[in-house]
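Notes for the structure review
Spelled out, the chains give:
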Amino acid sequence: MSPARRQILRDRIAMSHANRVVAFQGAHGAYSEQACREKLPGYQSRPYKTFEDIFIAVEQGDAELGMLPVENSMAGVVSDSYDLLAVHNLHIIGEYYLPVRHCLMAHQGVNVERIHTVYSHPQALAQCHSFIKRHGWNRVAVYDTAGAAAALKEEHREGEAAIASALAAELYGLDLLAEQIQDSANNTTRFLIIAKDGIIPMPNVGCKISLLFEVRHIPAALYKCLGGFATNGINLTRLESRPVAGRDWSYHFYLDFQGRMDQVNVQQALEELKFYTHNMKVLGCYPESLRPESQGAL
Ligand SMILES: O=C(O)C(=O)C[C@]1(C(=O)O)C=C[C@@H](O)C=C1
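Below or above, wherever it landed, is the structure these notes cover.

Rules and cut-offs
Residues numbered from 1 in each chain as written. Predicted model: local features only at pLDDT ≥ 70, side-chain atom pairs only at ≥ 80, totals over all residues. Heavy atoms only, no water. Near = heavy atom within 4 Å. Polar contact = N/O pair within 3.5 Å; in protein donor to acceptor, adjacent residues only side chain to side chain. Areas by Shrake-Rupley, 256 points an atom, 1.4 Å probe, with all protein chains shown as cover. Nonpolar A, V, L, I, M, F, W, Y, C, P; charged D, E, K, R; others polar. Domains from an automatic or database assignment. Axes fitted to C-alpha atoms, helices over the stretch in contact; angles between N-to-C directions. Helix = DSSP H or I, 4+ residues; strand = E, 2+ residues; numbered from the N terminus. Parallel < 35°, antiparallel > 145°, perpendicular 65-115°, else oblique. Contact = heavy atoms within 4.5 Å. Pairing = 2+ DSSP bridges.

Structural notes on the site of the ligand
- Every residue close to the ligand is listed here: Ala30, Tyr31, Ser32, Phe51, Pro69, Asn72, His121, Gln123, Gln127, Asp144, Thr145 and Thr189.
- Interatomic distance of 2.6 Å between a side-chain N/O atom of Ser32 and an oxygen atom of the ligand.
- Side-chain polar atom of His121 to an oxygen atom of the ligand: 3.3 Å apart, as the coordinates give it.
- For the ligand, whose free accessible area comes to 370 Å², the fraction covered by protein is 100%.
- Looking at the shell around the ligand residue by residue, the class counts come to 4 nonpolar, 7 polar and 1 charged.
- Mapped onto the domain boundaries, the shell around the ligand takes at least three residues apiece from domain 1 (3–99 + 187–199) and domain 2 (103–179).

Take a look at the structure:
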């Protein structure tokens, strides 16, 4: 498709999405909002304090969609997001990989040498571990990166800085003291887009399926659960386990794999999976985004 044609289609989609709302966690300027803007242009992004608030907003119809970070290429799983997927009945309708480029910011005129404490989201602090350690700064975890920038702006405390996006520095009028301070140049966060209803993706697009299950307590249960995927030639892309709330030493397994619900090999693998599991729940079947550079808007 030519770039001009692609732009026309994007504009059309943006117009048809006008006035629709996507919920994200954090303050304006959070990476989650950046993901909303890039993946869902034309949607209005609305900030919510917690991940749970995103689920509630979508369930109650305050927002049509939610943008949820689930894993980062360096710091790993965002466990709260997974735990909420287990207890709420929302569906995954898309995914997005956002390159995350962290910046150090402070009030105008602050010298890097005088900084002693940095504020940010725990994931961002983890992603900038080496940079912070090299400077020997104290770290203070707050509920989002942009919120750290906003709070810093409100109250000028000597020797304090925030780690957040360049967008947050611009929105809150802070000076950028350093850019690209994350430990890995390719630092990327994967987001899931959640909605009340699932979708049936267009034919001819590559898709992923996400599901969760608990294994029956029999020897080699997980091995047997995954066997059906191997024999049916299905490519798994992620396996995560989380403790089940209120039941010690029981686990939810979250599995992502390539495929569509109408494929015979997928149905066979799921049949086999059901035999060794209980509480199996398909969270969604949605178009796959492989790498940041291969992504387009919804
Ligand atoms: O605080 C933000 O800006 C967020 O969007 C949250 C979040 C996360 O939870 O992982 C998202 C992307 C980055 O990896 C760091 C933080």
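Anyway, onward from the coordinates.
What to know about the packing of helix α9 (residues 221–231) against helix α10 (residues 264–276)
- Remark: α9 packs on α10, axes separated minimally by 8 Å, with the N-to-C direction vectors making an angle of 170°. Comparing their axes, α10 and α9 come out roughly antiparallel. Contact with α9, carried on its side by Lys224, Cys225, Gly227, Gly228, Phe229 and Thr231, involves Ala269, Leu270, Glu272, Leu273 and Tyr276 of α10 and no other residues of that element.
- Classifying every residue of the contact of α9 with α10 gives 6 nonpolar, 3 polar and 2 charged.

Topic: the sheet that holds strand β15 (residues 277–287)
- Here 4 strands make up an open sheet; going across it, the order is β13-β14-β12-β15 and the pairing antiparallel. Of all the strands in the sheet, just β13 (236–243) and β15 have a single pairing partner and so form its edges. Strand-to-strand twist across the sheet, computed as the mean angle between neighbouring axes with direction ignored, equals 15°.
- Taken together, the 7 bridges between β13 and strand β14 (residues 251–258) define a ladder with antiparallel strand orientation. Along β14, the bridge assignment pairs Glu240 with Tyr254.
- Along the sheet, α9 contacts β12 (207–215), β13, β14 and β15; its crossing angle with β12, the most-contacted strand, is approximately 155°.

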